[in-house]
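# Structural description and commentary
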Amino acid sequence: MKESYFADSTRYENGMKYERCGRSGVLLPKVSLGFWHNFGSVDPYERSREITHYAFDHGITHFDLANNYGPIYGSAEETMGRLMDEDFRPYRDELFISSKAGYDMWPGPYGNWGSRKYLMASLDQSLKRMKIDYVDLFYSHRYDLETPLEETLQALVDIVRQGKALYVGISNWPLEPLKIGYDYLKAHDVPLLIYQGRLNMLDRKPMETGILDFCAEKGVGFIAFSPLAQGLLTSRYLGGDVPADSRMARGKFLKSAMLTPEMLGKLRNYDAKAKERGETLAQMALAWVLQQKAVTSVLIGASSTKQLEDNLRCINSAPILEKE
Ligand SMILES: NC(=O)c1ccc[n+]([C@@H]2O[C@H](COP(=O)([O-])OP(=O)(O)OC[C@H]3O[C@@H](n4cnc5c(N)ncnc54)[C@H](OP(=O)(O)O)[C@@H]3O)[C@@H](O)[C@H]2O)c1
């Protein structure tokens, strides 16, 4: 028989720090856990379960999902549903669960992009898979050039009015539509809680495009996805080869072609700097993201509790001074 889960009674005393999400009432853990990889139907359920237990027992209250996380699409949310039934239901009010719609999910004209039809239907499906009545946060997952912005934004407003999400977020939208979205949501009394974008030491676009400045100015939270560049900014690939159990070995989202001599040189320099600080590369890379303006939380992935343990150390890192 499966062992029952009882959350660690010291889970809020194990070192996690919480950061206010923009100008809102929501506090997010500095480290949040993403379900993009490692929680699908292709992954061992017991390992996924162990990772979420370790996370929650260490104060990670925010789990981030999307309709199409898996593989297969939808299966990460089904894992969340099973976890909810088996372990987390008693802790629902301590959890901040997000989902998204925007990328391809089901065939035909209504299973992708930003229409009201897609967003509404997708969230209903997500709630069923996760076996919950509402998500804490629902995102438009990407910018749709063809659907009128107002349609997508009004769908977000109505989703909150229907009680299916408590807050809304925007992910991957360029700055100009983001500004329109911010104004629209504010005018409809559903303020934009958070922006989700890729930010790490190797990819600093949100700093360059003004997204971080905008979030800071408007009091919108920012959560950084792929803060470890999918594992590049860890010890995983420093030897120059591709470990058989790594994301790069699976080859879909992180390609071995990225491991050029220039990239390896850069990663090894960062690693040397981390060692000087008495840190792992992962720890330093996460601390770097957390110290950027407007950043509320780093949204990490982990394929083991050992990785999670390593990553959580970033919470106490000293600021990183960079000379470019
Ligand atoms: N909004 C969007 O469009 C979007 C896009 C991408 C991601 N996201 C969100 O962001 C979350 C995180 O993205 P991500 O998985 O790319 O984040 P990441 O933290 O940059 O990469 C996670 C991967 O790095 C490796 N890793 C992590 N810690 C390690 C350590 N200490 N030592 C060695 N290897 C380590 C693991 O890969 P191995 O499998 O090699 O062990 C792990 O799965 C996703 O789950 C999702 O919630 C959102």
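Residues numbered from 1 in each chain as written. Predicted model: local features only at pLDDT ≥ 70, side-chain atom pairs only at ≥ 80, totals over all residues. Heavy atoms only, no water.

### Quick look at the site of the ligand
- In the vicinity of the ligand there are 32 residues, among which Asp 64, Asn 172, Ser 226, Arg 247 and Ser 303 approach most closely.
- Note that an oxygen atom of the ligand is positioned 2.9 Å from one of the backbone N or O atoms of Gln 230.
- Contact with the protein chains removes 96% of the 910 Å² of surface that the ligand exposes when unbound.
- Of all elements in the fold, only helix H8 (247-250), strand S10 (295-300) and helix H11 (305-312) reach the threshold of two or more residues within the shell around the ligand. (Near = heavy atom within 4 Å. Polar contact = N/O pair within 3.5 Å; in protein donor to acceptor, adjacent residues only side chain to side chain. Areas by Shrake-Rupley, 256 points an atom, 1.4 Å probe, with all protein chains shown as cover. Helix = DSSP H or I, 4+ residues; strand = E, 2+ residues; numbered from the N terminus.)

### Thoughts on the packing of aromatic side chains
- Inspection of every chain in the model, using the stated rule, returns 14 aromatic pairs.
- Taken together, a centroid distance of 4.9 Å and an interplanar angle of 65° make the contact between Trp 36 and Phe 253 edge-to-face. Residue Trp 36 is found in the loop between strand S3 (31-34) and helix H1 (45-57), and its partner Phe 253 is found in the loop between H8 and helix H9 (261-276); the two are separated by 217 residues along the sequence.
- Look at Phe 253 and you get partly exposed, because its relative accessible area is 40%. (Phe/Tyr/Trp six-rings, centres within 6.5 Å; stacked < 30°, edge-to-face > 60°. Buried < 20%, exposed > 50% of the residue type's maximum accessible area, 1.4 Å probe, protein only.)

### Brief notes about the nonpolar core
- Of all hydrophobic cores here, the largest spans 96 residues; its most connected members are Phe 35 and Phe 63.
- The greatest single-element share of this core, amounting to nine residues, is contributed by helix H10 (residues 281-290).
- Setting aside chain neighbours within four positions, we find Phe 63 in contact with Leu 33, Phe 35, Thr 52, Ala 55, Met 80, Phe 88, Leu 95, Phe 96, Ile 97 and Ser 98.
- Within the second largest apolar cluster, 11 residues are counted, among which are Phe 96, Ile 194, Phe 225 and Leu 299. (Core = buried A, V, L, I, M, F, W, Y, C linked by side-chain atoms within 4.5 Å. Contact = heavy atoms within 4.5 Å.)

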